[in-house]
Amino acid sequence: MLEKIGLLGGVLIIVADTPYAWNAFKRKTKPHRTTWFIIALINAINLANQHASGAKSSLLFFIGATIITFIVFLSSLYNGT
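No experiment lies behind these values; they were computed from the predicted model shown.

Quick look at the overall build of the chain
The helix and strand tally for the chain stands at 3 helices and 0 strands. For the chain, the α and β elements follow one another from N to C terminus as α-α-α. Counting the 81 residues in the chain, one finds 32% classified as buried. Counting every atom, the chain has about 5,300 Å² of accessible surface; 73% of that belongs to carbon and sulfur.

So, the environment of Ala65
Within the fold, Ala65 resides in helix α3 (residues 57-79). Each C-alpha atom of the pair Ala65 and Leu8 lies 12 Å from the other, and the pair is 57 residues apart in sequence. Excluding anything up to four places from it in sequence, Ala65 contacts Ile13 and Asn43.

Things to note about helix α2 (residues 33-52)
Taking 1.5 Å of rise per residue, the 20 residues of α2 would be expected to cover 28 Å, and the 28 Å separating its terminal C-alpha atoms lies within 8% of that figure. Residues of α2 that are buried include every one of Trp36, Ala40, Asn43 and Gln50, and no others. On an axial view of α2, the arc spanned by its buried residues comes to 85°, and they lie on one face. Of the exposed residues in α2, those oriented more than 90 degrees away from the buried face are Ile45 and Ala52. Next to the buried residues of α2 lie α1 (2-25) and α3. Downstream of α2 by a residue or two, Gly54 has a phi angle that is positive, lying close to 90°.

Description of the environment of Gly64
Tracing the sequence through the fold places Gly64 in helix α3. You can call Gly64 buried: its relative accessible area is 2%. Remark: the alpha-carbon pair of Gly64 and Thr81, spanning 17 residues in sequence, is separated by 24 Å. Among residues more than four places away in sequence, those in contact with Gly64 are Gly10, Ile13 and Ile14.

How each quantity is defined
- Position numbers for residues start from 1 in each chain and track the written sequence from start to end.
- At least 70 in pLDDT is required for a residue's local features to be given in this predicted model, at least 80 for side-chain atom pairs to be given and counted, and no such filter applies to totals for whole chains, interfaces and linings, which use all residues.
- Computation of side-chain values: all heavy atoms of the structure, hydrogens and water removed.
- By the criteria applied, helices consist of DSSP H or I runs no shorter than four residues and strands consist of E runs no shorter than two, each listed in order from the N terminus.
- Residue burial is assigned from relative accessible area. The probe radius is 1.4 Å, only protein chains are included, and a residue is buried under 20% of its type maximum, exposed over 50%, and partly exposed in between.
- For the area figures, the Shrake-Rupley method with a 1.4 Å probe applies, and any residue is considered shielded solely by the protein chains shown.
- What makes two residues a contact is simply this: any of their non-hydrogen atoms within 4.5 Å.
- Helix span, expected: 1.5 Å multiplied by one less than the number of residues in the helix.
- This arc describes the spread of directions from the helix axis toward the C-beta atoms.

The following block contains the structure:
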């Protein structure tokens, strides 16, 4: 049951941030490079912390959050401020 909730959280975070990432890629919005780098770094640290503590269910949420924030960060390098 907890694995399903973790998977659902990971999918929801990707689905929620995908429109922003897509708009950044299409140059409709200009994400700030520093902000998105810091958010992506914090998500990566949280992911490493969850992994080191032996988490299984909540790990999926942080995997999703880290992936989508790094995608937005990479798009900010292309078309950000």
